[in-house]
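Coordinate inspection notes
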Amino acid sequence: MNNIFEKPFWYQAESRRLEFKEAFPRGDRIAKTVIAFANGAGGKLVFGVKDNPRQVIGIPDEELFMLEEKISNHLFDLCSPTIIPEIYIQAAEGKNLLVAEIFPGPQKPYFLKSKGKRDGTYIRVGSSTRKASLEMLEELERQKRKISFDSTIIYEPCDIENALKDFIHVFQEKSGLKMDHEHLKNCGLIICERDTQYPSAAAVLLFHSPVKQRLFPYAKIECARFKGDDTRMFLDQATIDGPIFSSSDLCMDFIKRNISLSSVIKDVYRQDTWEYPLAAVREAVNNAIVHRDYSIMGSDIKVAIFDNKLEITSPGPLPDTMPIENLGSGRSEIRNRVLAPIFKQIKLIESWGTGIQRMQKEVSQYSGIDLEFKETAYAFQVRFIKKEAIVSGQSQGRVEAESGQGQDSAGGQSEPAQIWQANDLTQLSQNIINLLNTGPMSKSEVAGALGLANVTGHLNRNFKLLLQKGIIQYTIPDKPQSRLQKYNLVDKKPAKKR
């Protein structure tokens, strides 16, 4: 797995926790950056480094202590509550840098005194400093009070138990525990206030009712399969916006529909291998659902499949006390304190702090796949990337790669395995093959299974390509335009019983 932290920090990219300054700038820019660090995961503000192009300039010895005092006075005068940085000298390439290290603050939100809390609060989004929105201000206040968003009360009188009936059924089935009214209150799904019962945010996210779509329209997963390695052309897409406890299986169904499955006959056994390690992908999807920041109303989870990678992006950065380099260490930080224990009981997550380790273990068994974690903008992303040998040689994978002649279970010779070299096929063609492998289907049936609204020109072209290559055939060959026309695989034979 890539490790960006092998470089000295003065040659790392600017990020959520790192910013460079060649010298002390005019105005309040330093205060804004420091406020953003204190409101987030902390960070280092490094003086004496030119950012673009990256160059260590250094701070003259006679200016170091003067600059240190200037930074301290600047922050004391402009920031509220008081922010006390740790300032030290760092040697780099024979020169001196001055580093102001800021730690996550306990008195959030921090803001500019001159602008007040509403207009002077800043957060870090990627490598930039931005004014905090009202919803982010509320989240910072919750962090100060150590309250998770999913535990907050939603003032929406409704039939809570009826809206949760599907979840209750799944919970009891998978956990073996009874979920009655008292249990719903104890685990934080029902909150009583002035003799009235209200759902928590966690409860609404588990609702199977229009209330969830109305109050949390972005608590969904947008899935897409793109042609090539960019987002210009969709091959397939789906929106999963039901209760979040059922989202994982639906998302995995979409992923399996849009990645290749290789099948190889070895001796008497058939070995199937997915294009990506499904156990690791499922773990990443589950983590995105359980740990995303549901207080961010304008973003949803995104699953994007390209020819050369699979990306899962979850709104909200890593928790402030969890640097990205500590992922996989076994340490766990829980953002959603009501949902996480519930999802553990229904086995959507297994044990605290082991999810990244399981992903790394599964990916290590796939020699052609690399695993990468990124904080991108105000989100966290898991990327399964095909290594160069895979991208250049077999970026599309194989739909069927059965080579040689095996033996059936009775000891006789099996039918010669057909070899389909799929490198020159589009992913859509491979999806068509996968569907027809289950039996004859019409174009409209295939379109429906792929989530398309109708039979598109792109789908027609892929059917024509597969017919020309002799991979599929008509079920009514003498009437190609018949309204009853279907397609099946050439020489498709039923599997022999073992």
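Everything that follows concerns the structure shown earlier in this document.
Within each chain, residue numbers correspond to sequence positions counted from 1 in written order. Residue-level local features of this predicted model are given only where pLDDT is at least 70; pairs of side-chain atoms are given and counted only at 80 or more, and the full residue set underlies all totals for whole chains, interfaces and linings. Processing note: side-chain calculations cover all non-hydrogen atoms of the structure and skip hydrogens and water entirely.

Each pair of aromatic rings is reported with the distance of its centres and the angle of its planes. Pairing of aromatic rings covers Phe, Tyr and Trp, the last counted by its six-membered ring, and requires centre-to-centre distances within 6.5 Å; plane angles under 30 degrees mean stacked, over 60 mean edge-to-face, and any other angle means tilted. Summed over the entire model, instances satisfying the criterion amount to 11 aromatic pairs. Where Y155 meets Y198, the ring centres are 5.1 Å apart and the plane angle is 70°; that geometry is what we call edge-to-face. You can see Y155 sitting in the loop between α4 (134-145) and α5 (160-163) and its partner Y198 sitting in strand β12 (residues 196-199), a full 43 residues away along the chain. What links up through ring pairs into an aromatic cluster is the set F167, F171 and F245. Directly above the ring of F9 sits K44, whose terminal nitrogen or CZ lies 4.6 Å from the centroid. Note on criteria: charge over ring means Lys NZ or Arg CZ within 6 Å of the ring centre, with the direction from the centre no more than 35 degrees off the ring normal. Note that K113 overlies the ring of F76, its terminal NZ or CZ placed 5.5 Å from the centroid. Secondary structure elements are defined from DSSP: runs of H or I of at least 4 residues count as helices, runs of E of at least 2 residues count as strands, and each element is numbered from the N terminus.

What follows deals with helix α11 (residues 278-291). What a helix is expected to span follows from its residue count: subtract one and scale by 1.5 Å. Taking 1.5 Å per residue, 14 residues should reach 20 Å; α11 reaches 20 Å between its end C-alpha atoms and fits that length. Type-normalised accessible area, obtained with a 1.4 Å probe on protein chains alone, sets the label of each residue: buried when under 20%, exposed when over 50%, and partly exposed for intermediate values. Of all 14 residues that make up α11, 11 are buried, and the element is covered over most of its length. Taken as a whole, α11 has its buried residues at L278, A280, V281, E283, A284, V285, N286, N287, A288, I289 and V290.

Mapping E445 onto the fold places it in helix α16 (residues 443-449). Its relative accessible area of 35% is what places E445 among the partly exposed residues. Linking E445 and K486, residues 41 residues apart in sequence, is a C-alpha distance of 9.1 Å. Sequence-distant contacts of E445, that is, excluding residues within four places in its chain, are made with P440 and K486. There is a polar contact of 2.8 Å between the side chain of E445 and the backbone nitrogen of S442. Should any heavy atoms of two residues lie within 4.5 Å, those residues are considered in contact. Here a polar contact means two N or O atoms within 3.5 Å. Within protein one must be a hydrogen donor candidate and the other an acceptor candidate, and residues neighboring in sequence count only if both atoms are side-chain atoms.

Turning next to the side chain of S248. Note on placement: S248 falls in helix α10 (residues 247-257). Judged by relative accessible area, S248 falls into the buried class, the value being 1%. Of the polar contacts made by the side chain of S248, one reaches the side chain of N286; its length is 2.6 Å. Excluding residues that lie within four positions of it along the chain, S248 makes contacts with R282, V285, N286, I289 and L348.

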